[in-house]
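Report on the structure
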Amino acid sequence: MKKPDGIENFSAWLEIDLGAIRNNVKRLGEIAGKPVMAVVKANGYGHGIVETARAAEAGGAAWCGVARVEEAQILRAAGLQIPILVMGYTPPEQVLPAVEEKISLTVYDPAVAKQYLQTAAASRKRVAVHVKFDSGMGRLGLFPEEGAAFVRWLRQQPEFEVEGIFSHFARADEPLAETTAWQIERMNRLLDQLEKEGLRPALVHVSNSAGTLYHPAGRFDMVRAGIAIYGLHPSDEAPLPDGFKPALSLKARLVSIKELPAQHGVGYNYRYVTSAPERVGVVSIGYADGYRRKKGGQMLVCGQRVTVLGTVCMDQCMVTLQDVPNARVGDEVVLIGAQGSDCITMEEVAQDWGTVNYEVATSMAHRLPRVYFGLQD
Ligand SMILES: *Cc1c(COP(=O)(O)O)cnc(C)c1O
């Protein structure tokens, strides 16, 4: 495969396959049979918010979802015109700027909604909102059983345009958990009631990636997908089906190779000491890049797995090259992704770090250049 342009300039970087993101969105849309809201919060799960949103749009995404209004504003500033929903809290001070930029907001608290209303009324603007329900997550939202009155009130205010209703699953990535069906049932009861009163908005969306794949009854009018569009598995129990491809690779370079004598310490606090003369490489990546400060990590050099010696430093780490005689200074090192016939998945790294792939993706540092490819072909 041709190497992405520009990587020769960097000593540590991310390669992002935008063609993979586009195809993953398309694939998920086909599986769901519903429009997809591409969730691009947290800098597109570390992949880059603007580029991810563009790739998602190319894959047919109908909406973009973000957590905070600043994220929506970054998309608008980049020229994206796709509908955007801020799924979290928006301070009342930010309501008018959001309206100006056609950004839809989430409401779930009647007192906050009244503040929005006052701002809107004073400036004769209409705020587009989606109403959030807590059908079982124990986080944001009204309980469905007490939600109809709030929706009724919202729909009576000319300052609000109620575009949608949504909720979020707590355990969709555990396909055997029965709570997901219970959450869907609670939403269905609310929707029945709203339907009877002619108050059901056009867009009801409840499913995240795992919900979309494993709970078809929860697809409603649109699905909100994050992790799957990046080609990452929602969980071990809820893997992606065929046809998805991970978009992100984390790479760095070998910047030094030397033979250390026996009984030589390696790195801070000498958490590794050679027992015999050993060929040791320095890799130009560290915990300030988001690569966790721990021992024993694995990387690919010349298509072979090598192990981190001692602890990871801020900007560098050391690996043993004892079994990689052909490694040279300047060689590419793969920390996440494929090299030769081997591959280190983000899920493998997450397991090693005792966390989930979501946290690995979103911990990739700002200073890592993101090199994009795959959307033009
Ligand atoms: C982050 C988020 C999603 C996306 O979840 P994935 O598991 O990444 O698909 C969907 N909805 C809400 C409300 C979220 O916060």
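Please read these numbers as outputs of a predicted model, since none were measured by experiment.

1. Focus on the layout of surface pockets
Computed from the structure, the largest pocket encloses a volume of approximately 890 Å³. Along the wall of the largest pocket there are 37 residues; nearest its centre are Lys41, Tyr45, His168, Asn208 and Tyr358. Looking at the lining of the largest pocket residue by residue, the classes come out as 17 nonpolar, 11 polar and 9 charged. Roughly 520 Å³ of volume is contained in the second largest pocket. Every residue lining the second largest pocket is counted, 27 residues in all, and those nearest its centre are Leu248, Ser249, Lys251, Gly337 and Ala338. Mapped by element, the contributors of at least two residues to the lining of the second largest pocket are strand S1 (12-17), strand S10 (248-260), strand S17 (332-339), strand S18 (342-344) and helix H10 (346-353). Considering every element that reaches the lining of the second largest pocket, the biggest residue donor is S17, with 6 residues. Taken together, the residues that form the lining of the second largest pocket break down as 14 nonpolar, 6 polar and 7 charged.

2. As for the UniProt feature "active site" (unreviewed entry) in the chain
Per the UniProt record, "active site" (unreviewed entry) is found at Lys41 and Tyr268. Across 228 residues of sequence, these annotated residues are also dispersed in space, with a maximum C-alpha separation of 35.6 Å. In the annotated set above, the residues contributing to the lining of the largest pocket are Lys41. For lysine 41, the position within the fold is in helix H2 (residues 41-45).

3. A word on the packing of aromatic side chains
In the structure shown here, the tally under the stated rule is 5 aromatic pairs. Ring centres 6.2 Å apart and planes at 10° place the aromatic pair phenylalanine 150 and tryptophan 153 in the stacked group. Of this pair, phenylalanine 150 and tryptophan 153 both sit in helix H7 (residues 148-156), 3 residues apart, which is roughly one turn of the helix. Accessibility expressed as a relative area gives 24% for tryptophan 153, which makes it partly exposed. Three or more aromatic residues link up through ring pairs in this structure, and these residues are Tyr45, Tyr230 and Tyr358. Positioned above the aromatic ring of tryptophan 153, the side-chain terminus of lysine 114 is 5.4 Å from the ring centre.

Analysis parameters
Here, residues in each chain are numbered from 1, in the same order as that chain's written sequence. Thresholds applied to this predicted model are a pLDDT of at least 70 for local features of residues and 80 or more for the giving and counting of side-chain atom pairs; totals over whole chains, interfaces and linings are not thresholded and use all residues. Values reported for side chains reflect all heavy atoms of the structure, with hydrogen atoms and water molecules removed beforehand. Note on definitions: the grid is 1 Å and covers protein atoms alone; a cavity is a set of points where a 1.4 Å probe fits but cannot get out; a pocket is an open set with protein on both sides within 12 Å along at least five of seven lines; lining residues have an atom within 4 Å of a point. Grid points are joined across faces, edges and corners, and a volume is the space filled by probe spheres set on the points. Here the term charged refers only to Asp, Glu, Lys and Arg, the term nonpolar to Ala, Val, Leu, Ile, Met, Phe, Trp, Tyr, Cys and Pro, and the term polar to all other amino acids, Gly among them. The helix count covers DSSP runs of H or I at least four residues long, the strand count covers runs of E at least two residues long, and both are numbered beginning at the N terminus. UniProt positions are given in the numbering used here, feature names are shortened, and annotations may be inferred rather than shown by experiment. In summary, the pairing rule links any two rings of Phe, Tyr or Trp, Trp by its six-membered ring, whose centres are within 6.5 Å, and it sorts them by plane angle into stacked for under 30 degrees, edge-to-face for over 60 and tilted for everything else. When a residue's accessible area, from a 1.4 Å probe over protein chains only, is under 20% of the maximum for its type it is buried; when over 50% it is exposed; and in between it is partly exposed. Both a distance and an angle decide whether a charge sits over a ring: NZ of Lys or CZ of Arg must be within 6 Å of the ring centre and within 35 degrees of the ring normal.

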